[in-house]
Amino acid sequence: MKKVAAINDLSGFGRCSITVALPVLSAHGVQCCPVPTAILSNHTGFGTYFFDDYSDKMTPYIENWKKLGLEFDCIYTGFLGSEKQIDIVENFIKQSEDSTILVDPVMGDGGKIYSTYTPVMCEKMKRLVSLAEVVTPNTTEAAILAGVEYKENFTDEEIWCIAEKIHELGAKNVVITGVHRNGRIANFVSGPERFVAESEEIYVHYMGTGDLFASMLCGYLMNDLTLEEAVKKSAAFVYKTTKYSLEIGEKKENGVAFEKFLKEIE
Ligand code: PXL
């Protein structure tokens with residue numbers, strides 16, 4: 001059975017990070033082993049939140065896994081809570097030569113950086129990206145990584161150019177998510193091959209959508225699907241569950257109501 005070390009925060013409410021990665025990876029038949037980066041009462045998209053940075057605990061936590069001789073098929077990183085953490089995660093990745101590295105460079109959305117992310121953290125994130133087999137930025141994060149100004153509507157050419165800049169950092173495969181394209185929503189994939197996976201656009205943006213997409217992608221990749229198949233199936237799952245969330249009137253802060261659909265994952 002495949003094992004994934006999921007380095008992400010635990011937000012008690014609001015369906016993001018570990019509370020998405022755990023159920024999704026389990027539904028894929030993959031063992032999810034969390035490394036908490038911070039503990040929050042709820043994600044930062046709510047007006048108020050309790051935030052406990054876990055930086056000082058992460059090294060002894062990971063050291064103990066080393067004592068046990070644990071090795072992981074994949075290291076999947078998401079929301080990081082401090083600058084120091086990025087160094088810790090970088091070390092962990094460098095000592096895990098045989099693991100597939102999936103970096104979701106969680107930093108912001110809709111052209112805005114999340115309130116706990118500093119400019120230094122955004123800069124340091126590039127170091128993790130340089131080690132990644134697959135990186136899954138949204139357009140805001142992709143623009144930060146590429147050092148270009150964010151726009152609501154990038155042209156195809158601009159997106160490929162941004163992807164190229166992210167390759168130059170060292171990432172092997174770049175999946176830019178949530179690109180608005182001719183009234184549809186697209187994922188641009190750049191690696192040994194290029195392709196675009198599009199779906200109908202739903203005009204509500206649920207928090208944690210990127211975490212749902214990256215966790216689904218991780219699950220499919222661990223089940224040996226090609227990147228193209230994995231991206232298409234993950235995008236279809238996000239579309240289906242987002243549509244349902246809208247139908248039942250779920251609030252966007254509460255995240256995507258995906259639970260009922262986990263048993264349909266194949
Ligand atoms: O979904 C991204 C994310 C992850 N973790 C925390 C967040 C957010 C987005 O707001 O606040 C704590």
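Residues numbered from 1 in each chain as written. Predicted model: local features only at pLDDT ≥ 70, side-chain atom pairs only at ≥ 80, totals over all residues. Heavy atoms only, no water.

## Description of the overall build of the protein
Then, number 1: Looking only at helices and strands, one finds eight helices and eleven strands in the protein.
Then, number 2: Against the 2.2 N^0.38 benchmark of 18 Å for 266 residues, the protein shows a C-alpha radius of gyration of 17 Å, consistent with a compact globule.
Then, number 3: Looking at the protein as a whole, 53% of its 266 residues qualify as buried.
Then, number 4: A separation of at least 24 residues holds for 69% of the contacts in the protein among residues at least 6 apart in sequence.
Then, number 5: Summed over all atoms, the accessible surface of the protein reaches about 11,900 Å², with 52% contributed by carbon and sulfur.
Then, number 6: Taking the 26 positively charged and 38 negatively charged side chains of the protein as two groups, their mean positions are separated by 2 Å. (Helix = DSSP H or I, 4+ residues; strand = E, 2+ residues; numbered from the N terminus. Rg over C-alpha atoms; globule rule 2.2 N^0.38 Å. Buried < 20%, exposed > 50% of the residue type's maximum accessible area, 1.4 Å probe, protein only. Contact = heavy atoms within 4.5 Å. Areas by Shrake-Rupley, 256 points an atom, 1.4 Å probe, with all protein chains shown as cover. Lys, Arg positive; Asp, Glu negative; His and termini not counted. Charge placed at Lys NZ, Arg CZ, Asp CG, Glu CD.)

## Remarks on the site of the ligand
Then, number 1: Contacts to the ligand come from 13 residues, most closely from D9, S17, T44, M207 and D211.
Then, number 2: Residue S17 places a side-chain N or O atom 3.1 Å away from a nitrogen atom belonging to the ligand.
Then, number 3: D211 places a polar side-chain atom, nitrogen or oxygen, 2.8 Å from an oxygen atom of the ligand.
Then, number 4: Taken together, the residues of the shell around the ligand sort by class into six nonpolar, five polar and two charged. (Near = heavy atom within 4 Å. Polar contact = N/O pair within 3.5 Å; in protein donor to acceptor, adjacent residues only side chain to side chain. Nonpolar A, V, L, I, M, F, W, Y, C, P; charged D, E, K, R; others polar.)

## Examining the pairing of strand β9 (residues 173-181)
Looking along a regular strand, one sees side chains alternate from face to face of the sheet.
Then, number 1: Among the nine residues in β9, seven count as buried, and that is most of the element.
Then, number 2: In this structure, strand β8 (residues 134-135) lies alongside β9, joined through two bridges in parallel fashion. Pairing of V135 across the sheet is with V174, part of β9.
Then, number 3: Direction of pairing for β9 relative to strand β10 (residues 184-190): antiparallel, over a ladder of six bridges. Paired with I176 across the bridge in β10 is F188. (Pairing = 2+ DSSP bridges.)

## Structural notes on the sheet that holds strand β2 (residues 31-42)
Then, number 1: If you walk across this open sheet you meet the nine strands as β3-β2-β1-β4-β5-β8-β9-β10-β11, and the pairing is mixed. The strands lining the two open edges of the sheet, one partner per strand, are β3 (51-53) and β11 (194-200).
Then, number 2: One ladder, built from seven bridges, connects β10 with β11; its direction is antiparallel. For S190, the partnering residue across the bridge sits in β11 and is R194.
Then, number 3: In this fold helix α1 (residues 18-27) packs onto β1 (3-13), β2 and β4 (74-77), with an angle of close to 155° to the strand it touches most, β2. (Axes fitted to C-alpha atoms, helices over the stretch in contact; angles between N-to-C directions.)

## Some thoughts on the packing of aromatic side chains
Then, number 1: Going through the model one piece at a time under the given rule, you end up with nine aromatic pairs.
Then, number 2: With a centroid separation of 5.4 Å and 75° between ring planes, the pair formed by F79 and Y117 is classed as edge-to-face. Of this pair, F79 sits in the loop between β4 and α3 (83-94) while Y117 sits in the loop between β7 (112-113) and α4 (119-129); the two residues are 38 residues apart in sequence, bridging distant segments of the chain. One exposure class covers both F79 and Y117, and it is buried.
Then, number 3: Members of the aromatic cluster, joined through ring pairs, are Y54, Y61, W65, F72 and F92.
Then, number 4: Positioned above the aromatic ring of F72 is the side chain of K3, whose terminal nitrogen or guanidinium carbon lies 5.9 Å from the ring centre. (Phe/Tyr/Trp six-rings, centres within 6.5 Å; stacked < 30°, edge-to-face > 60°. Lys NZ or Arg CZ within 6 Å of the ring centre and 35° of its normal.)

## Side note on the state of the cysteines
What is meant by a disulfide is a covalent connection between two cysteines, made through their sulfur atoms.
Then, number 1: Tallied over the full model, the rule gives zero disulfides.
Then, number 2: The thiol of C16 is not disulfide-bonded; the next cysteine sulfur, from C32, is found 14 Å away.
Then, number 3: For C16, a relative accessible area of 6% corresponds to the buried category. (Disulfide = S-S within 2.5 Å.)

## What about a nonpolar patch on the surface?
Then, number 1: On the surface, L10, I39 and F50 cluster together to form a nonpolar patch covering roughly 250 Å² of accessible area.
Then, number 2: Counting through the fold element by element, L10 comes out in strand β1. (Patch = residues over 30% accessible without salt bridge, like charges linked within 9 Å, V, L, I, M, F, W, Y side chains within 5 Å. Salt bridge = Lys/Arg side-chain N within 4 Å of Asp/Glu carboxyl O.)

## Concerning the nonpolar core
As a rule of thumb, nonpolar side chains are buried together in soluble globular proteins.
Then, number 1: Counting residues in each nonpolar core, the largest one holds 45 residues, and the members touching the most others are I166 and I176.
Then, number 2: Residues contacting I166, with those up to four places away along its chain left out, are V129, V135, P137, A142, L145, A171 and V174. (Core = buried A, V, L, I, M, F, W, Y, C linked by side-chain atoms within 4.5 Å.)

## A closer look at the side chain of S17
Then, number 1: On the secondary structure map, S17 appears in the loop between β1 and α1.
Then, number 2: Polar contacts involving the side chain of S17 include one to the side chain of N8, which spans 3.4 Å.
Then, number 3: In this view, S17 contacts N8, D9, F79 and D211; residues no more than four positions away in its chain are not counted.

Worth remembering: the numbers are spatial, not functional.
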